[in-house]
2 protein chains.
Amino acid sequence: MSRSAHTAAQSTKDRLIHAASDLFRRRGYAGVGIAEILNAAGAPKGSLYHHFPNGKADLALATADWASDGMLKLMAVSFDGAATVDDGITTLCHKLAKLFDKGGAWDSCPVESALSDGPDNIVFRERLGHLYEGWIAEVALYSEQLGDDPDTARARSERFFMLLQGAWTLARARQSSDVLRHLPEIARAPL
Amino acid sequence: MSRSAHTAAQSTKDRLIHAASDLFRRRGYAGVGIAEILNAAGAPKGSLYHHFPNGKADLALATADWASDGMLKLMAVSFDGAATVDDGITTLCHKLAKLFDKGGAWDSCPVESALSDGPDNIVFRERLGHLYEGWIAEVALYSEQLGDDPDTARARSERFFMLLQGAWTLARARQSSDVLRHLPEIARAPL
DNA sequence: ACAGGATTAGACCGATTGGTCCAGTGTGGT
DNA sequence: ACCACACTGGACCAATCGGTCTAATCCTGT
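Residues numbered from 1 in each chain as written. Chains lettered and ligands numbered in written order. Predicted model: local features only at pLDDT ≥ 70, side-chain atom pairs only at ≥ 80, totals over all residues. Heavy atoms only, no water.

- The name an unreviewed UniProt entry assigns to chain A is TetR/AcrR family transcriptional regulator, from the organism Arenibacterium halophilum.

What follows is the structure in structure tokens.
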């Protein structure tokens, strides 16, 4: 298999990010060894340190960015054509529940797993905050577009984010996506 | 310092649990080495494997149980003499916010940090679910005692738990306990 | 005083960790 | 054709990992 064929399907860099994200989600940053990531991605060590000069840390930041982008896309799809904020949230929760089940019900938040138990680096922490604020801002934006005034939109989005994080945690503890599927009802309560 | 003096103040076993809990909370199960825990607790290796025959895994389970007990006690204190569920929740959130600040604003949930990124052991996962359900049941109980009917109490408790988990996560990302302090207002919304 | 279990102390182990380094390989520009 | 560069392959490294094992020591009950 030539490199260009690889590139066409999935570059080595992408394969590293995807494999690392999978593993981090399952066992956290510190719980996964470089060797395991390399093996899962089918790449040698040289490639990792070529694409990510700072090794594991750079790779973790990249997986977090990639996963966050995926979440933003999921939000966009969910709110696309949604008549109300509630509709968008409901669709999003259902999609996330499916994702949860597909991952074997033990995956944690891909952003948190890569960043929050990483080195107690300032860069990691700031990135975590930045990505989360991005999610909140995104839902708040959709909420505004659907008629909420800015303050309400922001408060609603923030509350939804908290409920979602908590629901995911509970779903993991229970090994069941039920709570994620029922989340829209809970979030429906007025502010 | 004799052992009995140690025992009076804090047994070696307890020192191990406290030190491990501190470290796990900060960097997660996989992120902390045995040597570091031993050093923090001022104990040699022999003691660890005497008190916890299965080593790190047993220790992690013990820290989770201990931390969960602490949370239950915090709930008991918060709801003791509370006139309404809202009062209890408000006190609890303020106490947790203080705890958050004391820990340097980067500690994660002590139960989750010890169990969720540990070995993908069934024992660990079931324990995590068990402890969380205990928290939810506890708040539901207080809620019932303060007049809610059982179904409402349970739903309220579960929603509060989710909000709390999410709020803690957000507080960590923001390096600020503000969201924990404002949580009662958010939780105040009717079901 | 003494026996015997509980506890501590730490040397030691093989495996694995993240990381470095360099020789090779393939590719695109000229 | 040739060069320059991006990329790959993997040997190698010191440090650390979790864990085992055996003496020494401490404390308690008699």
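Following the structure, the description resumes.
### Here's the deal with the nonpolar core
Then, in step 1: Core analysis: the largest hydrophobic core is formed by 119 residues, its most contacted members being A:Leu16, A:Val111, B:Leu16 and B:Val111.
Then, in step 2: Contacts of A:Leu16, omitting those with residues within four sequence positions, involve A:Ile37, A:Leu38, A:Ala41, A:Ala43, A:Ser47, A:Leu48, A:Phe52 and A:Leu59. (Core = buried A, V, L, I, M, F, W, Y, C linked by side-chain atoms within 4.5 Å. Buried < 20%, exposed > 50% of the residue type's maximum accessible area, 1.4 Å probe, protein only. Contact = heavy atoms within 4.5 Å.)

### Quick notes on the protein's contact with DNA strand C
Then, in step 1: Every one of the 18 residues lining DNA strand C counts as a neighbour, but A:Ile34, A:Lys45, A:Lys56, B:Thr12 and B:His50 are closest to it.
Then, in step 2: Close to the protein, within 4 Å, the atoms of DNA strand C are drawn from sugar and phosphate at a rate of 62%.
Then, in step 3: The separation between a phosphate oxygen of DNA strand C and a polar main-chain atom of A:Ile34 is 2.4 Å.
Then, in step 4: With respect to DNA strand C, the side chain of B:Thr12 contributes an N or O atom lying 2.4 Å from a phosphate oxygen.
Then, in step 5: Secondary structure elements with two or more residues in the surface near DNA strand C: α3 (34-41) and α4 (45-51) of chain A together with α4 (45-51) of chain B.
Then, in step 6: A per-class count over the surface near DNA strand C returns five nonpolar, eight polar and five charged. (Near = heavy atom within 4 Å. Polar contact = N/O pair within 3.5 Å; in protein donor to acceptor, adjacent residues only side chain to side chain. Helix = DSSP H or I, 4+ residues; strand = E, 2+ residues; numbered from the N terminus. Nonpolar A, V, L, I, M, F, W, Y, C, P; charged D, E, K, R; others polar.)

### Concerning the UniProt feature "DNA-binding region" (unreviewed entry) in chain A
Then, in step 1: In the numbering used here, UniProt assigns the "DNA-binding region" (unreviewed entry) feature to residues 33-52 of chain A.
Then, in step 2: For residues 33-52 of chain A, the end-to-end C-alpha separation is 15 Å, with 75% helix and 0% strand making up the annotated structure. (UniProt positions renumbered as here; feature names shortened; annotations may be inferred.)

### A closer look at the interface of chain B and chain A
It is common to give the size of an interface as the accessible area lost on bringing the parts into contact.
Then, in step 1: Taken residue by residue, the interface counts 34 residues in chain B and 34 residues in chain A.
Then, in step 2: Here chain B and chain A share an interface that buries about 3,100 Å² over both sides, 63% of which is from carbon and sulfur atoms.
Then, in step 3: Considering only the surface of chain B that becomes buried against chain A, B:Trp106, B:Arg125 and B:Met162 emerge as the three largest contributors, covering 22% of it.
Then, in step 4: Linking chain B with chain A are four salt bridges, by the criterion used here.
Then, in step 5: One salt bridge connects A:Glu158 with B:Arg174, and the closest N-O pair in it is separated by 3.0 Å. (Buried area = accessible area lost by both parts, 1.4 Å probe. Salt bridge = Lys/Arg side-chain N within 4 Å of Asp/Glu carboxyl O.)

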